[in-house]
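Examining the three-dimensional arrangement
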Amino acid sequence: MEEYDLFAEVTLQFERAAERLKLEPWIFEKLSQPERELVVHPTIIMDNGKPKTFVGIRVQHSTARGPAKGGLRYSPDASLSECKALAAWMTWKCAVIDVPFGGGKGVVLCDALKMSERELKKLTWEYILAIKDIIGPHKDILAPDMFTNDRTMAWVVEAYNHGKTHFEFAVATGKSTSFRGSFGRKGATGTGLFFVLEELSKHLDFSLEEKKVAILGFGNVGCSVAKLVHRAGCRIIAITDIYGGIWREEGINPFKLQTYVDRKKQIVGFDDTKPIDNESLISLPCDILIPAAVAGQINANNADSIKAKVILEGANGPTTKEADEILKEKETLVIPDILANAGGVAVSHLEWMQNLNQVVFSEEEVIRRMKKRMKKALCDVLATMKKHNVTMREAAYILGVKRVAESLRLRKFHNYEEIDLKTG
Ligand code: NAD
């Protein structure tokens, strides 16, 4: 279970933005809770021959700007609060980068690392069959998240299309390129993180050359951003994963580390490095700290010890609200998750478009379009920051909430027509 209420965290950010924007009460009410929460109980026969029932959740926070869009996470510690928070973050994130999606998220409570491929496939099928009526290319589109991947998405597509006369690939993104996935999707979140950092460094006249970087998490996001900052001349001095961490002041080569991880399945023991834990990594003297693992790792207990000048949020919700206040006081620049890690959904949008239009974009085309979108989103957030004199996180929320509210206002939901929309 999460140590703190993630949905309360995201709600607070929404409420602050709503207050600044003086949102009409009906819009505030409508966006305060998800549109839909579905809990299902898929049962499968485990490899030991015994049946086991799991808990699966799908939350659709808002579809005001388009179909819900969001990952599917396999985790033993997930909760409804976490799923609601992740879905709400997707709503604001899609609005910040201006893709025509709302926010959704799914979790299945299971320990994927301890399950066989057969068990995971069965569980994915049963979960999708249980939620199939509320998902689809024009309703809610899934993607990989923690402990799910392109193989999981292939099972999602197969299960969703089971018994149908035509195959709809666009029900999920983050698929393999040999199964109608998009070129450039695999490392897209890390690539997007890097584009935002690179662009911001130009705005702030902050060279990346020789900057010391520490990274929490070396999965899809952590590994891909590590390679790009390394190429840009940064020195990665420490990395942790779920099993432990490594520290080398002279620098860690992420390309060689990935080859090591492919073999050993963990980073601990990599050549010429000393062990380090998450808390020590967070307080290391460095320039850029990249949380790219789980939520809440930067919190009231360690925020004061952070020496990095820039925090680039790869994970969703890595910084708690208490930590955010401390970092604001310290004038640490936090590049918020709903902007920084939106590269994945930017490319997911391109994958969805390619599937619906039966076309294929080259990797260069995908990266070019994604870079343009991330650059525009950063400029929009910087302009909002200036206009309202707020932090980058507050600005991103103001921008996201404003765009979703505008869409609701224009659509004028039928059951609100009788009230005074300004005051009611
Ligand atoms: P992943 O499963 O590929 O990798 C997660 C990494 O974090 C692994 O290296 C794991 O060992 C490590 N980790 C897990 N628990 C940890 C702990 N307690 N301490 C240190 N390391 C730990 O997942 P991912 O796709 O890289 O996602 C990472 C984060 O980024 C998540 O918060 C996810 O929601 C977010 N995110 C992912 C994407 C995407 O496209 N994959 C997009 C946006 C946001």
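Everything here concerns the structure above.
Residues numbered from 1 in each chain as written. Predicted model: local features only at pLDDT ≥ 70, side-chain atom pairs only at ≥ 80, totals over all residues. Heavy atoms only, no water.

Looking now at the site of the ligand. Taken together, 24 residues lie near the ligand, and Arg73, Thr189, Val221, Ala293 and Asn316 sit nearest. Phe218 is positioned such that a nitrogen or oxygen atom in its backbone is 3.0 Å from an oxygen atom of the ligand. The contact in question runs from an oxygen atom of the ligand to an N or O atom on the backbone of Ile242, over 2.9 Å. Relative to its unbound accessible surface of 820 Å², the ligand loses 86% to contact with the protein. Counted by class, the shell around the ligand contains nine nonpolar, 10 polar and five charged residues. (Near = heavy atom within 4 Å. Polar contact = N/O pair within 3.5 Å; in protein donor to acceptor, adjacent residues only side chain to side chain. Areas by Shrake-Rupley, 256 points an atom, 1.4 Å probe, with all protein chains shown as cover. Nonpolar A, V, L, I, M, F, W, Y, C, P; charged D, E, K, R; others polar.)

The next subject is the pairing of strand β5 (residues 68-74). Within β5, seven of the seven residues are buried, leaving the element largely enclosed by the surrounding structure. Bridging between β5 and strand β6 (residues 102-108) involves five bridges; their strand directions are parallel. Bridge pairing in β6 links Tyr74 to Val108. For the handedness criterion, the β-α-β arrangement of β5, helix α3 (residues 80-96) and β6 is classed as right-handed. Note: β5 against strand β7 (residues 140-144), five bridges, orientation parallel. Across the sheet, the residue bridging to Gly70 is Leu142, located in β7. (Buried < 20%, exposed > 50% of the residue type's maximum accessible area, 1.4 Å probe, protein only. Helix = DSSP H or I, 4+ residues; strand = E, 2+ residues; numbered from the N terminus. Pairing = 2+ DSSP bridges. Right-handed = clockwise from strand over helix to strand, strands pointing away.)

This paragraph deals with the environment of Arg58. Checked against the element boundaries, Arg58 lands in strand β4 (residues 56-62). Judged by relative accessible area, which is 0%, Arg58 ranks as buried. Of the polar contacts made by the side chain of Arg58, one reaches the backbone oxygen of Gly71; its length is 3.1 Å.

Turning next to the state of the cysteines. This structure, assessed with the given rule, holds zero disulfides. Cys94 forms no disulfide, and the closest cysteine sulfur to it belongs to Cys83, at a distance of 15 Å. Of the cysteine sulfurs around Cys379, a residue in no disulfide, the closest is that of Cys94, at 19 Å. Look at Cys379 and you get partly exposed, because its relative accessible area is 34%. (Disulfide = S-S within 2.5 Å.)

Turning to the side chain of His61, a few remarks are in order. Relative to the elements of secondary structure, His61 occurs in strand β4. Taking the relative accessible area as the measure of exposure, His61 reaches 2% and is therefore buried. When near neighbours in sequence (up to four residues on either side) are disregarded, His61 contacts Leu31, Gln33, Pro34, Glu35, Ala87, Ala88, Thr91, Trp92 and Gly103. (Contact = heavy atoms within 4.5 Å.)

Next up on the list: unusual backbone geometry. In this model, Lys265 sits at a positive phi of 65 degrees, which is unusual for a non-glycine residue. Turning to its location among the elements, Lys265 is positioned in the loop between α8 (254-264) and β11 (274-275). Take Lys265: its relative accessible area is 59%, and that puts it in the exposed class. Phi angles above zero are rare outside glycine, and Gln358 is one such case at about 55 degrees. Considering the arrangement of structural elements, one finds Gln358 in the loop between α12 (343-357) and α13 (363-388).

A word on the packing of helix α6 (residues 188-203) against α13. Between two packed helices, what matters for the description is the angle formed by their axes and the separation of those axes. One can describe the packing of α6 onto α13 by two numbers: an axis separation of 9 Å at closest approach and a directional angle of 50 degrees. What the angle tells us is that α6 and α13 run oblique. When the axes of α6 and α13 are compared, the crossing they make is right-handed. In this structure, α6 uses Ala188, Thr191, Gly192, Phe195, Val196, Glu198, Glu199, Leu200 and His203 to contact α13, whose residues at the interface are Ile367, Met370, Lys371, Met374, Lys375, Leu378, Cys379 and Leu382. Here the contact of α6 with α13 is built from residues that sort into 10 nonpolar, three polar and four charged. (Axes fitted to C-alpha atoms, helices over the stretch in contact; angles between N-to-C directions. Parallel < 35°, antiparallel > 145°, perpendicular 65-115°, else oblique. Left-handed = near helix turned anticlockwise from the far one by under 90°.)

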